[in-house]
Amino acid sequence: MMKLGLFIQGGGHHVAAWRHPSTPYGASQSMAHHAEIAGLAELGRFDMIFFADSLVSFGPDDLEVWKRGAAVSRIEPVTMLSALSVLTKNIGLVATFSTSFIEPYYVARLFASLDKISGGRAGWNLVTSAAPSEPHSFSRTAHAPAAERYARAGEFADVVLGLWNTWEDDAFIEDRENGLYFDPAKMHYLNHKGDHFQVRGPLNIRRSPQGHPVIVQAGQSEAGRELAARTTEVIFGVQQQIEPARQFRDDIHARAIRYGRDPAAIKIMPGVMPFVAPTRAQAQEKFEEMQSLIHPDLGIRVISEMIGVDLRGYDLDGPLPEVQAIVGQSGRQQVVMDMARRDNLSIRQVYQRVAGARAHRIIHGSPADVADDLEEWYKKGAADGFNIMPPLFPDGLKDFVDLVVPELQRRGLFRREYEGKTLRENLGLPFPVHRKKEGRES
Ligand SMILES: Cc1cc2nc3c(=O)[nH]c(=O)nc-3n(C[C@H](O)[C@H](O)[C@H](O)COP(=O)(O)O)c2cc1C
């Protein structure tokens, strides 16, 4: 069965969503708004909801542009998901946390706690962070080079996974008669000593109901793919076309096999922004209405960040300049540059095409059109599922749940009921057996 994740973003994923009349004022800060979205997603039997994150609002150079964007003010994702966990029952809860600024113990504890609170529905989206202003929130002026950030991220993931493994599943016996709370033979120190971290353990929380929270990642570069193939269970993709997406999935599978992993235990979910309406013409109308709301300064800034070149002052009707590979974001840079060259687009045309969905794929059409597209990607091995990015919340999500989900269910491509209780069970991922039980650790 196809997997569906819902990428939640304030009033909607379209860069101009907050300007649309249907979007509630203050959407990104409203608990009621997020509760409505999570409830709708669960009604639509989505596998998981997902929150991205950034550790900064904007830098001084960006003020003039970001005053037009809604992403400058966001609630911390794990905090939001903790609240949503008590309002939902089945849906997975995935939050972003960067490996570049803090210690792994903190992240291991945070997500183990979310997993406990939610009864086994937590996931961690591991990012290395790339927004240029983020270091300024952490007593630094610049990011470490991408290779260094990925080296730290790899060790960070090892420590987090190791800490999640410091207790066996049945360590806490609570033997009241003999006064023994846990069995020390089922506790294991981590004793990690690496280049970046030295962590003894154990973690101060029991093993997770799902073995450990699901690990999610979106890196597209060589280092990103390697890390994903070694440690990750869900991968967000950015590919715009079926063939590169299929190649990306095959590449991850081949790398996973080299790490001794079963490729079926990795779900690859490219992002899609769907504009769906009962008829094609109505869907087109919705799409054009949203595009007309993109402020040009914002559109230009969004692609400048993606390709790593400040495009202010360039001729908007000329081509994109040649660019050098940039630190971070190289996956998206490649997607944008390839598209511009392939379709011979001017800067203006590029920003109109990609700024709305921030380089993710846009599909518009009737419910059957959208279902056809998703079905083709799924059946041709380009995706295990999709990271759905509605242009508007809640209306764009309502359209998807009311119109597309029933069509996918009718075609036998998507569940009618949740299969399991945990995120891992619903995604069809194996339960990570404790290393001690596998005989890998004494
Ligand atoms: C769907 C999706 C969500 C992402 N969410 C975040 C995020 O919340 N925070 C962040 O710093 N980076 C985020 N990223 C960026 C990725 O973590 C990664 O840096 C980017 O894809 C470039 O990868 P590369 O450096 O390996 O090319 C996201 C990427 C995608 C495709």
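Check the entry above for the structure.
Everything numeric in this text was worked out from a predicted model, so none of it was measured. (Residues numbered from 1 in each chain as written. Predicted model: local features only at pLDDT ≥ 70, side-chain atom pairs only at ≥ 80, totals over all residues. Heavy atoms only, no water.)

Peer 1: With reference to specific residues and values, describe the overall build of the chain.
Peer 2: Of regular secondary structure, the chain possesses 14 helices and eleven strands. The C-alpha radius of gyration of the chain comes to 22 Å, within 12% of the 22 Å expected for a compact globule of 442 residues. Overall, the C-alpha framework of the chain stretches about 75 × 50 × 40 Å when taken along its three principal axes. Counting the 442 residues in the chain, one finds 55% classified as buried. Considering only contacts in the chain between residues 6 or more positions apart, those separated by 24 or more positions represent 76%. Positive and negative side-chain charges in the chain, numbering 51 and 55 respectively, have mean positions lying 2 Å apart. (Helix = DSSP H or I, 4+ residues; strand = E, 2+ residues; numbered from the N terminus. Rg over C-alpha atoms; globule rule 2.2 N^0.38 Å. Buried < 20%, exposed > 50% of the residue type's maximum accessible area, 1.4 Å probe, protein only. Contact = heavy atoms within 4.5 Å. Lys, Arg positive; Asp, Glu negative; His and termini not counted. Charge placed at Lys NZ, Arg CZ, Asp CG, Glu CD.)

Peer 1: Hey, could you go over the nonpolar core for me, with residue numbers and the actual values?
Peer 2: With 64 residues, the main nonpolar core has F46, I49, W124, W164 and L374 as its most contacted residues. When near neighbours in sequence (up to four residues on either side) are disregarded, I49 contacts L6, I8, A38, A41, L81, L84, I91, G92, L93 and V94. Membership of the second largest hydrophobic core comes to 24 residues, among which are W66, M337, V350 and V354. (Core = buried A, V, L, I, M, F, W, Y, C linked by side-chain atoms within 4.5 Å.)

Peer 1: Before we move on, can you summarise the side chain of R301 with the specific residues and values?
Peer 2: Mapping R301 onto the fold places it in helix α9 (residues 296-307). Non-local contacts of R301, meaning those with residues more than four positions away in its chain, are made with D62, V65 and R312.

Peer 1: So, helix α13 (residues 395-410): which residues are in play, and what are the values?
Peer 2: Over its 16 residues, α13 runs 23 Å from end to end, which matches the ideal 22 Å to within 8%, given 1.5 Å per residue. The largest bend in α13 amounts to roughly 30° and is located at V404, with the proline P406 lying one to four residues further along. Those residues of α13 not exposed but buried are G396, L397, F400, V401, V404, V405, E407, L408 and Q409. Those residues of α13 hidden inside the fold are in contact with β1 (3-8), α1 (31-43), β9 (267-276), α12 (367-379) and β11 (385-388). After α13 finishes, the residue G412 shows a positive phi value of roughly 75°. (Expected span 1.5 Å × (residues − 1). Bend = angle between axes of the 7 residues up to and from the residue.)

Peer 1: Account for helix α4 (residues 104-117), naming residues and giving values.
Peer 2: With 14 residues, α4 extends 20 Å between its outermost C-alpha atoms, agreeing within 8% with the 20 Å of an ideal straight helix rising 1.5 Å per residue. Along α4, the residues that are buried comprise P104, V107, A108, F111, A112, L114 and D115. Take α4 and look down its axis: the buried residues cluster within an arc of 160°, on one side only. Against the buried residues of α4 lie α3 (77-85), β3 (92-98), β4 (122-127) and α5 (146-163). Directly beyond the C-terminal end of α4, a positive phi value near 70° is found at G119. (Arc of directions from axis to C-beta.)

Peer 1: Can you explain the packing of α12 against α13? Please cite residues and give values.
Peer 2: In contact at an axis separation of 9 Å, α12 and α13 are set at 55° when each is read in the N-to-C sense. Classified by the angle between their axes, α12 and α13 sit oblique to one another. Note that α12 runs across α13; the crossing there is right-handed. Between α12 and α13, the residues in contact are P367, A368, V370, A371 and L374 and F400, L403, V404, E407 and L408, respectively. Grouping the constituent residues of the contact of α12 with α13 by class yields nine nonpolar, no polar and one charged. (Axes fitted to C-alpha atoms, helices over the stretch in contact; angles between N-to-C directions. Parallel < 35°, antiparallel > 145°, perpendicular 65-115°, else oblique. Left-handed = near helix turned anticlockwise from the far one by under 90°. Nonpolar A, V, L, I, M, F, W, Y, C, P; charged D, E, K, R; others polar.)

Peer 1: Tell me about the pattern of salt bridges, and please be specific about residues and values.
Peer 2: All told, the structure shown has 31 salt bridges when counted by the stated rule. The salt bridge involving R45 is made with E417; its shortest N-O contact spans 3.3 Å. With R45 in the loop between α1 and β2 (48-51) and E417 in the loop between α13 and α14 (423-427), this residue pair connects regions lying 372 residues apart in the sequence. E376 serves as the salt-bridge partner of K380, at 2.7 Å between the closest nitrogen and oxygen. (Salt bridge = Lys/Arg side-chain N within 4 Å of Asp/Glu carboxyl O.)

Peer 1: Can you break down the pairing of β2 residue by residue, with the values?
Peer 2: What you see with β2 is no split at all: M48 and F50 on one side and I49 and F51 on the other are buried throughout. The pairing of β1 with β2 spans four bridges and is parallel. Bridge pairing links L6 to I49 in β2. Here β2 pairs with β3 via four bridges, running parallel. When the bridges of β3 are listed, F50 appears paired with V94. (Pairing = 2+ DSSP bridges.)

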